[in-house]
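Below are the chains, spelled out letter by letter.
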Amino acid sequence: MKKPDMLAYKDKLQLIRAQLRGDVSTMAEVALRKSGMEGSDSNGMPIHMAELGSDNFEQEFTLGLIEAEEDTLSLIDAALERIEQGAYGKCVQCEGVIPKARLNAIPYTPVCIKCAEQMENH
Ligand SMILES: [Zn+2]
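Colleague: Teacher, can you tell me more about the packing of aromatic side chains here?
Modeller: Between two aromatic rings, the relevant description is the distance of the centres plus the angle of the planes. The tally for this structure, following the rule as stated, stands at one aromatic pair. A centroid spacing of 5.5 Å and a plane angle of 45 degrees characterise the contact between Y9 and Y88, whose relative ring orientation is tilted. Here Y9 is found in helix 1 (residues 3–21), whereas its partner Y88 is found in the loop between helix 5 (69–85) and helix 6 (100–105), with 79 residues between them in sequence. Here the two residues Y9 and Y88 agree in accessibility, since each one is buried.

What follows is the structure in structure tokens.
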């Protein structure tokens, strides 16, 4: 995955983490930084602030979550770590590419759809 793409997911992950923690100041910070980037080189970004704030996102967010909030938080932290290492977007099980559609729905997922299904069936 390209670096600007990863950074967009990083923002998204940080936003979800802030929402989970009820951390309003971080949410505001991410929103501000995001709007500060508008007009510069944001065209290549797959995720826009409008999208993040949309009902759609809220819905995905609610549907995609959450049995255990703590588990989700640790998945988010792990995903942020993978972004730092440049390994984000790669399945930790089979090292296959995780499709962006899946990452957009569950940005903190560590595995591709195939591996997730295998894990569920066991
Ligand atoms: Zn996989």
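Colleague: Even after reading the chapter, I still don't get the coordination of the zinc ion, so can you show me in this structure?
Modeller: Note on metal sites: the ideal angle is 109.5 degrees for four tetrahedral donors, and 90 or 180 degrees for six octahedral donors. With distances of 2.3 Å, the protein atoms coordinating the zinc ion are C91 (SG), C94 (SG), C112 (SG) and C115 (SG). Relative to the metal, the four donor atoms surrounding the zinc ion lie at angles of 105 to 115 degrees, and the coordination shape comes out tetrahedral. Of note, the donors binding the zinc ion are all from one chain and are spaced C-x2-C-x17-C-x2-C. Highlighted residues: C94 in the loop between helix 5 and helix 6 and C112 in the loop between helix 6 and helix 7 (113–121), separated in sequence by 18 residues. Look at C94 and you get partly exposed, because its relative accessible area is 40%. Judged by relative accessible area, C112 falls into the buried class, the value being 8%.

The rules we used
- Residues numbered from 1 in each chain as written.
- Predicted model: local features only at pLDDT ≥ 70, side-chain atom pairs only at ≥ 80, totals over all residues.
- Heavy atoms only, no water.
- Phe/Tyr/Trp six-rings, centres within 6.5 Å; stacked < 30°, edge-to-face > 60°.
- Helix = DSSP H or I, 4+ residues; strand = E, 2+ residues; numbered from the N terminus.
- Buried < 20%, exposed > 50% of the residue type's maximum accessible area, 1.4 Å probe, protein only.
- Donors = N, O, S within 2.8 Å, 3.2 Å for Na, K, Ca; no water.
- Tetrahedral: all angles 85-135°; square planar, octahedral: opposite > 155°, others 65-115°.

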